[in-house]
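Spelled out from the first residue to the last, the chains are:
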2 protein chains.
Amino acid sequence: MLNSVQLSNYIITHKERFLQELIDFLRIPSVSTDPQYREDVREAAEWLASHMKHIGIENVSIHPTRGHPIVIGEKIVDPALPTVLVYGHYDVQPPDPYDLWESPPFQPVIREEKIYARGAADDKGQLFIHLKAFEWMNSVRYFPCNIKFIFEGEEEIGSPHLPPFLTHHAERLSCDAVLISDTSLLSMEHPSVTIGLRGLSYFEVEFQGPTHDLHSGVYGGAVPNPANALARFIAGLHADNGRITIERLYDAVLPPEPEEFEVIEFMRRFDDRLKQETGVRELTGEKGYSAYEQTALRPSLDVNGMWSGYQGEGSKTIIPASAHAKFSIRLVPDQRTDEVNQLVKKHLEKHTPPGIKATLKILHGGDPYLLSVHSPEYRAAAAAIEDVFGKKPLPLRTGGSIPIVTHLRKTLDAQAVLLGFGLDSDAIHSPNEHFGIKNFLTGIETIPHFYRHYARFCCT
Amino acid sequence: MLNSVQLSNYIITHKERFLQELIDFLRIPSVSTDPQYREDVREAAEWLASHMKHIGIENVSIHPTRGHPIVIGEKIVDPALPTVLVYGHYDVQPPDPYDLWESPPFQPVIREEKIYARGAADDKGQLFIHLKAFEWMNSVRYFPCNIKFIFEGEEEIGSPHLPPFLTHHAERLSCDAVLISDTSLLSMEHPSVTIGLRGLSYFEVEFQGPTHDLHSGVYGGAVPNPANALARFIAGLHADNGRITIERLYDAVLPPEPEEFEVIEFMRRFDDRLKQETGVRELTGEKGYSAYEQTALRPSLDVNGMWSGYQGEGSKTIIPASAHAKFSIRLVPDQRTDEVNQLVKKHLEKHTPPGIKATLKILHGGDPYLLSVHSPEYRAAAAAIEDVFGKKPLPLRTGGSIPIVTHLRKTLDAQAVLLGFGLDSDAIHSPNEHFGIKNFLTGIETIPHFYRHYARFCCT
C-alpha cells in the first residue's frame, strides 16, 4: 500500500537536501552540442550514475557512445510485476545568449520559489523527480512495478546514438511502458498529460530557371524566373481557407478522440497567450479550427528557410538562376512520414512550373505519436495526477515532435506516456530557464502514484 | 572629310595597344554597389581622367560626389558646330557568384577573340570605344562636331548623384544630342540602333510575422509565417495569363509605333536564341505577346532576390520572424516610375496578409525612353551603321533600363541616341561577361561616321 502521508512527509523532511542535490547536478555544464563541454557531459553522466547507485538503483552502468554516454540502471523486484522504463536526458541546451541571464546559467540560484539554471526544467530537474521518487519508494520498499532507467546525454542534438543503443540492448531495456517527464503541464491549476506529438516531413526544394543569373531588363518578361515560380509553388501549397493543397494529404488525418472535444473548447482561452508569446497581431491558419487544433491536431506546413538571388545591400537587377526553400509539414495521426514524402514528391511533379527544373531533397522526418486515453499508461498517469492535484488532467497534444518517443515505441514495443511537470513559461532553450520548486516536489509526489495505478491497469 | 581608309588603318595599326589599354582599365574592380571597392572606383576614375588627358581631351576634371566621382572633359572646336555629349559609366556590377567565372573577373583575358572581364561590355569596353574614336579624330584633326564627355561611377546603383550634377553643370554640359554606347547590336549581321529603353521601379519588401523565430512544431499552423505569406504575395503579383495584377499598371502602356510592327515580326526568329542564351527549356511570360514584345514593349515584374529563415545545411524547424524580397518592374512608355511606385504601394497595402507587418522600400527607378526614328539622332546613327556595316540598322527597343537617359534628356533638353556595340550574349551582369574584339573595333570605326552625319542632319 502507498502511504500518501508518509510520502508527503518524506518530501517535506528532505526538501532542502533534494534541492541541494539538484543544484549540484545543475552546476555541471553538460552542453551536448558544444565540444568544449565534452568533459562536463561525462562528469554529469558520472555524477548521475553515482547518485543512482547511492539511492539504491541496481546494475547502474555508464555506456560510452561515439558521442556522449548513456546511463542505465534498474530495480527488478519481481518478474511477474509490470516493468516501467523511465527515460530522461541529462544534457542541456547551450546557455547563450549568456548576457541575458540574470544569474549565471551554471550557478543555480533559488529566487521566488524557482530554481534558475540551464537544465532546471529541461530535463535535469524533471529527470531528478524520478530519482527522488525512487529514493522514497526504496526507503519504504514500495515497488508496485519493476523500474528501469535510461538517461541519455544527446537529446538536445537529436539523440543520434540512442536508436542503435536501444536496438542493441532491447532485451535489457524491455518493458511494458515508457515514462517520460520532459514536457509541460498546462498550468498547476490545470494539470495535463501529453498524449500526442506531431510528426515531421522536412524538405528542401530547388527551382532552376536559366543556367545563370540574367539581366532582368534584357530578359525580364519572357524567361521563367525561378524565384517567382517558387513563390507561386509555395503559395499554391495552401488554399485560401488555409488547408494544405497536397492531394490525399488529409486522407490519413483522424478526427479528435471523443474525449478531446472538451479539451479543444477549453484551450480556446489560451489564444491570447499565444499572441503574446509570439508577438503576432493576428492568428491565422486553417479556417474552422481553433489555434489548439491547428497546432496540435491538424497538419501544418511552414517554410523554414528560403533564398534566391541577390540578398545584399541595394539593388541588383537580375533574374536569379535558382531559388531554394526549406519547408516542412507537421504530421498528425495516422499520417506517416514515408507516405507524406511520396505525396509531396507527386505534388511537385504535377505542379512544377513551365521552364523550371525542380529538385526535391527529403531532409528528415518522424511519425506522429498518440497515446489513447483508454490505455493503461494514460489512465495511470491521469489517476496519479488526480491523486495529487485533486483534479483530472487534460489529455493534451503538443505540436512539436520528440522523435525518440517513436523510436522507443517501435524498438521496445511499449507505449510511452509523457507525464511532465514543467510549465511553458519555464524558458527552456532560452536565457533564465527555471523550474518551480512546487513543480519539482509535486512531481516527486505524483510518480509513486503512477506506478501504483499502472500496476493495477496494466494487467486488467 | 572623313577618310575611311585612314580610319581603318589606324584601328588595325593600334589594335593591340587599344586592347592592352582596355585590359588595364578592366583590371580595376570598380564595383559601385559594395563599399569595400570604394577606393577601386576612385582609382578607375583617376585612370580614366588620366587617359582622357593623354589622348587630347581638354578640360578633363574629376568631380567627387557623396558617392563615386564623375569624370568630364570636352573638345570644343567651333561654337557654330553642333555639340554631342558622350555619356558612359566606368563602374561595374558585382562579380558574384565568383566561382562560376572561368577566369577571375578582374584579371581580363582574351579567349576566342573576346575579352573576358567584369565590365568588358558593360560599360568600360563600350565607353573606351569613344576614347579610341576620339584618339583617331584628334590625330587627324577631324571634328565635325564639338564633343563633350561625361563618365559616371554609379550607373549600376542607379546614378544617385548624376542628376544633381547635371542640373548644377547644365551649362557646361549643354549639347544638341547625347550619344551613349551601353546597349547591344542585334547581331553583327543585323545591326541595330536602340530607340527604346524600359524604365524601372525597384523595391524591397519586408514581411514581419512573429517577433522572433518560433518553434515550428509548437506554433506551426496558427501563427502567420512571413515566408509563406511573402510567397503568396509574390505569386499574387501575376495572373495566370502572365499579366501583372497591380491595378491600373497597364493604363499608361502605349501600343508599338507603326514602324515597329515589321521589327516585331522579324524578331520572332530570335526566340530560339533566347532559349539558348538563357538555358531555359521554355519561354513563359505574358500570353499573346512575342518574346520581343514581352521583353521590350511590355512591362515585366521579376523577383531579384529573396530570403528568409534558415539557409544553412540540414534542417532547422522554425517559423522565421521575417521574410524579404527585392523585386522590380520594368516600365514602358508612357509609364512613369513615380506613378508605378504609388500603385505598388497601394497594392501592398491592399494585399498585406493578415498578421503580417509589411514594409516597402523604394530602392531606385527610372522612366522609360523612346527615340523617334525620324529624329536627326536616329538618322545619324542609322547612316553611320550603314556606312560601316553595309546595311540599314533595325530600330530596336531593349528591355533594360538606363535611367540616366531620361535624366539627360530632361536636364539637358537633348535627345539621346543609343548606339551600342555589345551583343546580348555578352553575359553582362553575369559570370564570364565578355566583349567581342570585332565589336570593339567596329564601334571605334562607326563613331566618327556618326559625328559626320549628325553634323549634317542636326541643322536641317
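Residues numbered from 1 in each chain as written. Chains lettered and ligands numbered in written order. Predicted model: local features only at pLDDT ≥ 70, side-chain atom pairs only at ≥ 80, totals over all residues.

Asker: Tell me about the nonpolar core, and please be specific about residues and values.
Answerer: Grouped together as the largest cluster of nonpolar side chains are 261 residues, with contacts concentrated most on Val178 of chain A together with Val178 of chain B. The contacts of Val178 of chain A, once residues within four sequence positions are left out, are Leu85, Tyr87, Leu408, Leu412, Ala414 and Ala416 of chain A. (Core = buried A, V, L, I, M, F, W, Y, C linked by C-beta atoms within 7 Å. Buried ≥ 20, exposed ≤ 12 C-beta atoms within 10 Å, placed from the backbone. Contact = placed C-beta atoms within 7 Å.)

Asker: Can you tell me about the interface of chain B and chain A, naming the residues and giving the values?
Answerer: Often, the extent of an interface is quoted as the loss of accessible area upon association of its parts. Listed as interface residues are 77 residues of chain B and, on the opposing side, 69 residues of chain A. Considering every element that reaches the side of chain B that touches chain A, the biggest residue donor is strand 12 (residues 300-309) of chain B, with nine residues. The residue makeup of the side of chain B that touches chain A, split by class, is 30 nonpolar, 36 polar and 11 charged. When strand 12 (residues 300-309) of chain A meets strand 12 of chain B, the two strands line up antiparallel, connected through five bridges. (Helix = DSSP H or I, 4+ residues; strand = E, 2+ residues; numbered from the N terminus. Nonpolar A, V, L, I, M, F, W, Y, C, P; charged D, E, K, R; others polar. Pairing = 2+ DSSP bridges.)

Asker: Just give me the short version of the pairing of strand 18 (residues 415-418) of chain A, but keep the residues and values in it.
Answerer: Each regular strand shows side chains that alternate between the opposite faces of the sheet. Residues and elements named next belong to chain A. Here strand 18 shows a buried face lined by Gln415 and Val417 and a second buried face lined by Ala416 and Leu418. Of the pairings in the sheet, the one linking strand 7 (residues 177-180) to strand 18 comprises four bridges and is parallel in character. Looking at strand 18, one finds that Ala177 is bridged to Gln415.

Asker: I'd love a proper account of the domain arrangement of chain A, names of residues and values included.
Answerer: Residue and element names in this part refer to chain A. Annotation of chain A at the domain level lists domain 1 (4-197 + 369-458) and domain 2 (199-253 + 299-366). Inter-centroid distance (C-alpha atoms) of domain 1 to domain 2 is 39 Å. Contact with domain 1, which involves five residues of that partner, is made by five residues of domain 2. Broken down by class, the residue content of the side of domain 1 that touches domain 2 amounts to two nonpolar, three polar and no charged. (Domains from an automatic or database assignment.)

Asker: Which residues make up the sheet that holds strand 5 (residues 114-116) of chain B, and what are the values?
Answerer: All names here are of chain B. Strand order in the open sheet made by the three strands is 4-5-20, with antiparallel pairing throughout. Two strands in the sheet have a free side with no partner beyond their single neighbour: strand 4 (109-111) and strand 20 (434-436). Strand-to-strand twist in this sheet, taken as the mean axis angle between neighbours without regard to direction, amounts to 30°. Across three bridges, strand 5 lies against strand 20 in antiparallel orientation. When the sheet's bridge partners are listed, Tyr116 is paired in strand 20 with His434. (Axes fitted to C-alpha atoms, helices over the stretch in contact; angles between N-to-C directions.)

Asker: Can you explain helix 1 (residues 4-26) of chain A? Please cite residues and give values.
Answerer: All names here are of chain A. Over its 23 residues, helix 1 extends only 29 Å from the first C-alpha to the last, a length that falls short of the 33 Å expected when each residue adds 1.5 Å. Of all bends in helix 1, the biggest is about 60°, found at His14. Listed as buried for helix 1 are Leu7, Tyr10, Phe18, Leu22, Phe25 and Leu26. Elements in contact with the buried residues of helix 1: helix 2 (38-54), strand 5 (114-116), helix 3 (124-139) and helix 13 (437-458). (Expected span 1.5 Å × (residues − 1). Bend = angle between axes of the 7 residues up to and from the residue.)

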